[in-house]
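Chains, contacts and geometry: an overview
Letter by letter, the chains look like this.
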Amino acid sequence: MRHQEPRLRLGIIADPQYADRDPDTDLNRYFREVPARLEQAITHFEPLPLDAIIVLGDLIDRDFENFSTVLGILERSRHPRILLPGNHDFLVSADRLHDIHATLGMPAPYYQHRLNGVRLLVTEGNEISLFSSPKGDPRHVEAEARLAALKAEGAANAQTWNAGISQTQEDWIRARLTDAEEACEPVLLLGHYPIHPPSDHNLWDGERLADLVATSPASVAYLCGHQHAGNYARLGNTHFVNFCGMVDTPETSAFAVLSLFDDRIEIEGFGREPSRILSLT
């Protein structure tokens, strides 16, 4: 019997993708069902001793005005919230692109947050993309070049709805992992895009980041959304968990409670999200 208390307990939501629009039946996305699903998740989380609620990107499907509906629901929770953007969160008018991180309550596009002796690295996978910066911006120019190179290589993830990170951010992640190793502190990395296993939804050049994460003894898991069907793999001693999209299917939601213990991660899934026990030994 396992009776130890978890070091950290998190509510996990991926890809709510709310919009006041008709369903996209081709993609199996039911946008107007999202507020009720968020309410269900928040109601489930409310009595639990959670350290935070995490939303792994794509809070909205498009249009800046849709943020108010879903943020209003999240703000009714008593728990702290850690939100990060996905590609759809940047499908707003060009004059609102610079407002996204602040709207989500983020202190910076990527940053470190400590909870109960655990380091959370909140990464920004949209940094180099065709949607997070206007045309002519150096990051937009770099995104065009990187996407063209990936297409020339025949890369499966050479898609306009994917994105990449800068060398500066990659170096920052490396330095934070090194710091955590020296401090003997476990690390959970949070991102929107999968980086392992290979997929057409993966972060551009995500394999390099996956290798960096997996070779760090401090890294216990990388948590993400974006690929709405969900996915899971282990590389080295690091677990890569891709949570299912809340917006998908006409009737069934998806969310989870993640508990981090010294020797394992327990994920209690609801709706379409599977439950898992992931060993850390």
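Above: the structure in question.
Residues numbered from 1 in each chain as written. Predicted model: local features only at pLDDT ≥ 70, side-chain atom pairs only at ≥ 80, totals over all residues. Heavy atoms only, no water.

1. Side note on unusual backbone geometry
Here the residue pair His 196 and Pro 197 is connected by a cis peptide bond, since its omega of 0 degrees sits within 30 degrees of zero. Within the fold, Pro 197 resides in the loop between strand E6 (187–190) and helix H6 (206–214). Positioned with a positive phi, Asn 28 is a non-glycine residue whose angle comes to about 65 degrees. Turning to its location among the elements, Asn 28 is positioned in the loop between strand E1 (8–13) and helix H1 (34–45). The exposure class assigned to Asn 28 is partly exposed, which follows from its relative accessible area of 30%. Positioned with a positive phi, Asn 116 is a non-glycine residue whose angle comes to about 55 degrees. One can find Asn 116 in the loop between strand E4 (111–115) and strand E5 (118–122). (Helix = DSSP H or I, 4+ residues; strand = E, 2+ residues; numbered from the N terminus. Buried < 20%, exposed > 50% of the residue type's maximum accessible area, 1.4 Å probe, protein only.)

2. Some points on the sheet that holds strand E10 (residues 254–260)
An order of E3-E2-E1-E10-E11-E12 is seen for the six strands of this open sheet, with the pairing classed as mixed. At either margin of the open sheet sits one strand with a lone partner, and together these are strand E3 (81–83) and strand E12 (276–279). For this sheet the average axis-to-axis angle between neighbouring strands, irrespective of direction, equals 20 degrees. Of the strand pairs in this sheet, E1 and strand E2 (residues 52–55) are connected by four bridges, and their pairing is parallel. (Pairing = 2+ DSSP bridges. Axes fitted to C-alpha atoms, helices over the stretch in contact; angles between N-to-C directions.)

3. Side note on the packing of helix H5 (residues 167–183) against H6
At a minimum axis distance of 10 Å, the contact between H5 and H6 shows a crossing angle of 10 degrees. Classified by the angle their axes make, H5 and H6 are roughly parallel. Here Glu 170, Ile 173, Arg 174 and Leu 177 of H5 lie close against H6, whose contacting residues are Arg 208, Leu 209, Leu 212 and Val 213. For the contact of H5 with H6, the class distribution of residues is five nonpolar, no polar and three charged. (Parallel < 35°, antiparallel > 145°, perpendicular 65-115°, else oblique. Contact = heavy atoms within 4.5 Å. Nonpolar A, V, L, I, M, F, W, Y, C, P; charged D, E, K, R; others polar.)

4. Describing the pairing of E4
Where E4 and E5 come together, five bridges link them in antiparallel fashion. Within the sheet, the bridge partner assigned to Gln 112 lies in E5 and is Leu 121.

5. Structural notes on the sheet that holds E6
Sheet architecture is open: six strands sit in the order E4-E5-E6-E7-E9-E8, paired in mixed fashion. Edge positions in the sheet fall to E4 and strand E8 (231–235), since each of these pairs with one other strand and no more. The sheet shows a mean angle of 20 degrees between the axes of neighbouring strands, taken without regard to direction. Of the strand pairs in this sheet, strand E7 (residues 219–224) and strand E9 (residues 238–242) are connected by four bridges, and their pairing is parallel. Paired with Cys 224 across the bridge in E9 is Asn 242. Here H5 sits on the sheet in contact with E4, E5, E6 and E7, set at roughly 180 degrees to E5. Taken strand by strand, H6 contacts E6, E7, E8 and E9, and its axis lies near 135 degrees from that of E9.

6. Things to note about H5
Here H5 contains 17 residues, and its C-alpha end-to-end distance of 24 Å stays within 8% of the 24 Å for a straight helix at 1.5 Å per residue. Residues of H5 that are buried in the fold lie against E4, E5, E6, H6 and E7. Once H5 finishes, Cys 184 follows within two positions and takes phi at roughly 55 degrees, a positive value. (Expected span 1.5 Å × (residues − 1).)

7. Considering the packing of aromatic side chains
How two aromatic rings sit relative to each other is set out by the distance from centre to centre and by the angle between their planes. For the structure shown, the criterion picks out five aromatic pairs. Seen in terms of ring centroids, Phe 45 and Phe 255 are 5.6 Å apart; in terms of plane orientation they differ by 90 degrees. Their pairing is edge-to-face. Of the two residues, Phe 45 is situated in helix H1 and Phe 255 in strand E10; the sequence distance between them amounts to 210 residues. This pair shows no difference in class: Phe 45 is buried, exactly as Phe 255 is. Directly above the ring of Phe 64 sits Arg 96, whose terminal nitrogen or CZ lies 3.7 Å from the centroid. Its end group placed over the ring of Phe 261, Arg 264 keeps NZ or CZ at 3.8 Å from the ring centre. (Phe/Tyr/Trp six-rings, centres within 6.5 Å; stacked < 30°, edge-to-face > 60°. Lys NZ or Arg CZ within 6 Å of the ring centre and 35° of its normal.)

8. With respect to the environment of Asn 28
Each C-alpha atom, one on Asn 28 and one on Asp 248, is 5.5 Å from the other, the two residues being 220 residues apart in sequence. Among all residues touching Asn 28, those that are not within four sequence positions of it are Val 247, Asp 248, Thr 249 and Pro 250.

9. Looking at the environment of Ile 165
Looking at the secondary structure, you find Ile 165 in the loop between helix H4 (138–153) and H5. Once residues within four sequence positions are removed from consideration, Ile 165 is found in contact with Glu 124, Gly 125, Glu 127, Ile 128, Arg 146, Glu 170, Ile 173, Leu 203 and Leu 209.

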